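A look at the structure
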Amino acid sequence: MSFGIKPLGERVVIKRLEAEEKTQSGIVLPGQAKEQPQMAEVVAVGPGTKDDKMELAVGDTVVFSKYAGTEIKYKGDEYTIMSQKDILATVEL
């Protein structure tokens, strides 16, 4: 599935999962107080390189390094492009 961004090499494009709007005790958080989640869905993957085989697939849910990647806006949505090495783990939901 191609949506218009095609990462090169061992890069991936991710879309962050939505931040929690309420705390566990039920307090509703304003936009600035919400902590940015470090979990995302992979929406595009590069082909990998000779030295770095691509281990991720479109649709994977992942945990990534906090300050990794480059954030972009494309067709009104926000995405992050990052190196596969900045992905820490996949998550099975």
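Please refer to the structure placed before this passage.
Bear in mind that the values here come from a model prediction, so they are computed numbers and not experimental data.

Observations regarding the sheet that holds strand β3 (residues 61-64)
Pairing is antiparallel across the open sheet formed by 6 strands, whose spatial order is β4-β5-β1-β2-β3-β6. The open sheet terminates on both sides in strands that have one partner only, identified here as β4 (70-74) and β6 (87-91). Ignoring strand direction, the axes of neighbouring strands in this sheet form an average angle of 45°. For β4 and strand β5 (residues 77-83), the ladder comprises 5 bridges, and the chain directions are antiparallel. Along β5, the bridge assignment pairs E71 with T80.

A closer look at the environment of K75
Take K75: it is sitting in the loop between β4 and β5. Residue K75 is classed as exposed on the basis of its relative accessible area, which comes to 70%. With 72 residues separating them along the chain, K75 and F3 place their C-alpha atoms 10.0 Å apart.

Quick look at the environment of E41
Within the secondary structure, E41 sits in strand β2 (residues 39-45). For the pair formed by E41 and T61, sequence separation is 20 residues and the distance between their alpha carbons is 4.5 Å. Among all residues touching E41, those that are not within four sequence positions of it are V13, I14, K15, L17, G59 and D60.

Cut-offs applied
Residues numbered from 1 in each chain as written. Predicted model: local features only at pLDDT ≥ 70, side-chain atom pairs only at ≥ 80, totals over all residues. Heavy atoms only, no water. Pairing = 2+ DSSP bridges. Helix = DSSP H or I, 4+ residues; strand = E, 2+ residues; numbered from the N terminus. Axes fitted to C-alpha atoms, helices over the stretch in contact; angles between N-to-C directions. Buried < 20%, exposed > 50% of the residue type's maximum accessible area, 1.4 Å probe, protein only. Contact = heavy atoms within 4.5 Å.

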